[in-house]
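Structural characterization, general
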Amino acid sequence: MKIMTIYAHPADTITNCGGTLARHAAAGDEIVALILTHGGRIHANRYAEEWRKDEPDESIAGADLDQIVAHKKGELERAAEIVGIGRLLTLDLDDSMAVVREEVVDEVAAALARERPDVVICDYPQNPAMTANTHTVATMTALAALGRAATHLKNLDGREETNVRQVFFTSVPVAVTDGLSLYGVRNDLFVDITPVVGTKLAAMDCFESQGYAGLFARKLVESSNGEFGRAAGVNFAEAYSRLYNETHDLLPLTEAALRADPLTRHVDYSRIDVRARFPAG
């Protein structure tokens with residue numbers, strides 16, 4: 001299987017689906033991450049906090065955009081290696097992008113046509129009109145590119161059509177298991193990341209410039225992935241909503257569902273203390 005993530009900022013792939021990617025990488029699947037923006041302005045904690053000091057370090061406080069972007073790209077490369085992302089594709093667009101642009105759709109469609117992934121992972125588009133949210137713009141761009149890549153004709157475009165089998169959305173803006181809070185949209189699939197939660201934390205620790213390293217990473221995993229785990233009946237999970245319906249020959253019943261003991265699962269999914277097992281550096 002080949003998985004391609006399409007996200008707005010350098011850290012998004014790791015925070016949203018880093019555990020899932022680590023499990024797929026360990027299973028031998030190929031992973032490509034496409035990052036639309038350079039992320040130079042978003043979560044610039046390293047630089048803003050330096051300016052607040054009485055005697056700031058000029059090498060940090062005086063960094064220009066190129067230096068900030070290079071630093072963030074280094075963080076992304078280290079995190080990608082930890083998780084098992086085989087290839088990074090960075091468009092380096094400005095991270096204040098607020099609209100879907102035709103030329104960017106073309107770039108993403110070309111990347112989809114080159115990579116031909118089986119699966120795409122991206123953020124749930126909170127509201128197509130909510131252009132203040134770069135994550136939504138990134139996903140609307142990705143969806144437009146999926147449509148464009150699917151209409152390629154070899155005699156006209158030099159490449160044949162590209163059809164992705166499934167799109168998984170992360171960050172669905174609803175209660176974890178509530179099917180009524182967004183007109184029936186909800187997380188309908190969970191991936192157990194308990195075996196690789198340490199890998200995800202190590203990758204998040206790479207994003208020191210954003211203030212993600214250390215306690216923040218552990219709090220995020222405890223609160224977000226821990227709550228998804230509660231819904232899934234495991235210690236830690238990542239949650240998804242599927243774009244396309246799926247067809248099965250028989251009614252599907254997962255191995256996790258067969259293993260689960262309804263009587264004790266609330267005890268089993270709370271056995272791991274993240275901060276004790278993976279202390280902040």
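Residues numbered from 1 in each chain as written. Predicted model: local features only at pLDDT ≥ 70, side-chain atom pairs only at ≥ 80, totals over all residues. Heavy atoms only, no water.

Topic: empty space enclosed by the protein
- As enumerated under the stated definition, the model contains one cavity of 30 Å³ or more in all.
- In this structure, the largest cavity occupies an estimated 40 Å³ of space.
- Every residue along the wall of the largest cavity is listed here: Pro10, Ile35, Thr37, His38, Val69, Lys73, Leu76, Thr90 and Asp92.
- At the level of elements, β2 (30-37), α4 (65-83) and β3 (87-93) are the ones that each hand at least two residues to the lining of the largest cavity.
- Counting residues per element, the lining of the largest cavity draws most heavily on α4, which supplies three residues.
- When the residues that make up the lining of the largest cavity are grouped by side-chain class, the tally is four nonpolar, three polar and two charged. (1 Å grid on protein atoms, 1.4 Å probe; cavity = no way out; pocket = protein on both sides within 12 Å on 5 of 7 lines; lining within 4 Å. Points joined across faces, edges and corners; volume = space filled by probe spheres on them. Helix = DSSP H or I, 4+ residues; strand = E, 2+ residues; numbered from the N terminus. Nonpolar A, V, L, I, M, F, W, Y, C, P; charged D, E, K, R; others polar.)

Some words on the layout of surface pockets
- Size it by volume and the largest pocket reaches roughly 970 Å³.
- If you trace the largest pocket, you find 30 residues lining it, with Phe190, Ala232, Thr254, Ala256 and Ala257 closest to the centre.
- Those elements that provide at least two residues to the lining of the largest pocket are β6 (189-192), α9 (215-232), β7 (237-242), α10 (255-259) and α11 (265-268).
- Taken together, the residues of the lining of the largest pocket sort by class into 12 nonpolar, seven polar and 11 charged.
- Size it by volume and the second largest pocket reaches roughly 480 Å³.
- Thr15, Asn16, Asp123, Ser171 and Leu220 are, among the 24 residues lining the second largest pocket, the residues nearest its centre.
- Of all the secondary-structure elements, those providing two or more residues to the lining of the second largest pocket are α1 (12-26), α6 (134-149), α9 and β7.
- Looking at the lining of the second largest pocket element by element, the count peaks at five residues for α9.

Brief notes about the packing of α4 against helix α8 (residues 197-204)
- Interaxial distance between α4 and α8 falls to 8 Å at its minimum, and their mutual angle equals 170 degrees. Classified by the interaxial angle, the pair formed by α4 and α8 is roughly antiparallel. Mapping the contact onto sequence places Ala79, Ile82 and Val83 in α4 and Thr199, Ala202 and Ala203 in α8. (Axes fitted to C-alpha atoms, helices over the stretch in contact; angles between N-to-C directions. Parallel < 35°, antiparallel > 145°, perpendicular 65-115°, else oblique. Contact = heavy atoms within 4.5 Å.)

Examining the packing of aromatic side chains
- Taken as a whole, this structure holds four aromatic pairs when the rule is applied.
- Look at phenylalanine 168 and tyrosine 240: their rings are 5.9 Å apart centre to centre, the planes differ by 75 degrees, and that puts the pair in the edge-to-face class. Pair noted here: phenylalanine 168 is in strand β5 (residues 166-170) and tyrosine 240 is in strand β7, with a separation of 72 residues, a long-range link. Each member of the pair, phenylalanine 168 together with tyrosine 240, is buried.
- With a centroid separation of 4.8 Å and 25 degrees between ring planes, the pair formed by tyrosine 212 and phenylalanine 216 is classed as stacked.
- When its relative accessible area of 38% is taken as the criterion, phenylalanine 216 is described as partly exposed. (Phe/Tyr/Trp six-rings, centres within 6.5 Å; stacked < 30°, edge-to-face > 60°. Buried < 20%, exposed > 50% of the residue type's maximum accessible area, 1.4 Å probe, protein only.)

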